[in-house]
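# Understanding the architecture of this molecule
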Amino acid sequence: MEKERLVTFTDAVLAIIMTILVLELKKPTEPTLAQIWALRESFLAYALSFFWLGSTWITLHNTWSKANTISNSVIGWNIILLFLLSLIPYTTSLVSLYYDNKVIQGLYGIVVILISIVNIILNKVLNKANKGNKDLSKITKKYMDALVIDVDIKVLGLAIAISVYPQAMMISVFIAAILMIRKRN
């Protein structure tokens, strides 16, 4: 398979996921500031998920731009990544409905942690398929180092979310996203 075909497919799936995400956003029951304010947790969950997906797209774009070869393993792990990413609208809508619920925040956390882990694996197999590509190796090493910290923060957030403070999961995703953006630049 040509790299461009996989990149185009990935871009299309991510665009659809982000569109579905906004369609899941709750609407106020009345056109008042009070009703809009009542939906603040929904807007927060949406914004966090949207920008996190956008950050994922940017990182994938930067990584794929350095790759020359796509193996079957890369395709397989990319499909797994897209599957997990496709769960974001669903888990975000659940978080919007049950923002203070440990189980729901935990589910969201498990999905985002799995996405980060699959991203690490995808970068490893992409490097393996592109042995000797120093540009790719450099960018994926930096990204994988950041992903290890990302997973650690999210696992800590998950532990806190399911034990004492459900919102810790969303907070940990926000902190991890900020750190990933800083590490990428």
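Just so we're clear, the structure is a prediction, and the values are computed from it rather than from any experiment.

### Things to note about helix 4 (residues 72–86)
Between its first and last C-alpha, helix 4 extends 21 Å over 15 residues, near the 21 Å set by a 1.5 Å rise per residue. Turning to helix 4, its buried residues number three or more, namely Val74, Ile75, Asn78, Leu81, Leu82, Leu84 and Leu85. Looking at the buried side of helix 4, the elements it contacts are helix 1 (3–23), helix 3 (40–66), helix 5 (88–97) and helix 6 (102–129).

### Points about the confidence of the model for the chain
On average, residues of the chain score 93 in pLDDT, and 98% of them reach the 70 mark or higher. Per-element mean pLDDT across the chain ranges from 86 in helix 8 (residues 168–184) up to 98 in helix 4.

### Section: a nonpolar patch on the surface
Taken together, Ile149, Leu156, Ile160, Val164, Tyr165, Ile171, Phe174, Ile175, Ile178 and Leu179 make up a surface patch of nonpolar side chains, about 900 Å² in accessible area. If you list the elements that add at least two residues to the nonpolar patch, you get helix 7 (134–163) and helix 8. In terms of residues, the nonpolar patch owes the most to one element, helix 8, which gives five residues. Topologically, Ile160 is positioned in helix 7.

### A short note on the packing of helix 1 against helix 3
Across the interface, helix 1 lies against helix 3 with an axial gap of 10 Å and an inter-helix angle of 175°. Our classification of the angle between helix 1 and helix 3 gives roughly antiparallel. Touching Lys3, Leu6, Val7, Thr10, Asp11, Leu14, Ile17, Met18, Leu21 and Val22 of helix 1 are Tyr46, Ser49, Phe50, Leu53, Gly54, Trp57, Leu60, Trp64 and Ser65, all from helix 3. A per-class count over the contact of helix 1 with helix 3 returns 13 nonpolar, four polar and two charged.

### Brief notes about the side chain of Thr56
Structurally, Thr56 can be placed in helix 3. The class of Thr56 is buried, set by a relative accessible area of 6%. Every residue in contact with Thr56, bar those within four places of it in the chain, is listed here: Leu85 and Asn119.

### As for the side chain of Asp150
You can see Asp150 is positioned in helix 7. Relative accessible area serves as the criterion here: at 3%, Asp150 is assigned to the buried category. Setting aside its immediate chain neighbours within four residues, Asp150 contacts Ser116, Ala176 and Met180.

### Focus on empty space enclosed by the protein
Under the criterion given, the structure shown has two cavities of 30 Å³ or more. Roughly 100 Å³ of internal volume is contained in the largest cavity. Contributing to the lining of the largest cavity are 13 residues, with Trp52, Ser55, Thr56, Tyr143 and Met180 lying nearest its centre. Looking at the lining of the largest cavity, the elements that each hand over two or more residues are helix 3, helix 6, helix 7 and helix 8. Of the residues belonging to the lining of the largest cavity, the class tally is five nonpolar, five polar and three charged. The space that makes up the second largest cavity amounts to roughly 50 Å³. Forming the walls of the second largest cavity are Leu21, Glu24, Leu25, Lys26, Ser42, Tyr46, Pro89, Thr92, Ser93 and Ser96.

### Notes on the environment of Ser93
As for its placement among the helices and strands, Ser93 is situated in helix 5. What makes Ser93 buried here is its relative accessible area of 15%. Taking the C-alpha atoms as reference points, Ser93 and Ser42, 51 residues apart in sequence, are found 7.6 Å from one another.

What counts, and where the lines are drawn
Position numbers for residues count from 1 along each chain, tracking the sequence in the order it is written. Given that the model is predicted, a residue must reach a pLDDT of at least 70 before its local features are reported, and side-chain atom pairs must reach 80 or more before they are shown or counted; all residues, however, enter totals for whole chains, interfaces and linings. Side-chain figures throughout are based on the complete set of non-hydrogen atoms in the structure, without hydrogens or water. Numbering of helices and strands runs from the N terminus, with a helix taken as a DSSP run of H or I at least four residues long and a strand as a DSSP run of E at least two residues long. Each residue after the first adds 1.5 Å to the expected span of a helix. Relative accessibility decides the category of a residue: with a 1.4 Å probe and only protein chains considered, values under 20% of the type maximum give buried, values over 50% give exposed, and everything between is partly exposed. Should any heavy atoms of two residues lie within 4.5 Å, those residues are counted as being in contact. The predictor's confidence in any single residue is recorded as pLDDT, a number from 0 to 100. The patch calculation keeps residues exceeding 30% relative accessible area without a salt bridge and links them within 9 Å when they carry like charges or within 5 Å when they are nonpolar (Val, Leu, Ile, Met, Phe, Trp, Tyr). Reported accessibility uses the Shrake-Rupley method at a 1.4 Å probe radius. Residues are deemed covered only where the shown protein chains occlude them. A pairing counts as a salt bridge when a side-chain nitrogen of Lys or Arg comes within 4 Å of a carboxyl oxygen of Asp or Glu. Angles here are taken between N-to-C directions and fall from 0 to 180 degrees, while the axes themselves are lines fitted to C-alpha atoms, restricted in helices to the stretch in contact. If an angle is under 35 degrees, it is roughly parallel; if it is over 145, roughly antiparallel; if it lies from 65 to 115, roughly perpendicular; otherwise it is oblique. Ten residue types, Ala, Val, Leu, Ile, Met, Phe, Trp, Tyr, Cys and Pro, are classed as nonpolar, four, Asp, Glu, Lys and Arg, as charged, and the remainder, Gly among them, as polar. Definitions used throughout: a 1 Å grid over protein atoms alone; a cavity as a set of points that fits a 1.4 Å probe which cannot get out; a pocket as an open set with protein on both sides within 12 Å along at least five of seven lines; a lining residue as one with an atom within 4 Å of a point. Grid points are joined across faces, edges and corners, and a volume is the space filled by probe spheres set on the points.

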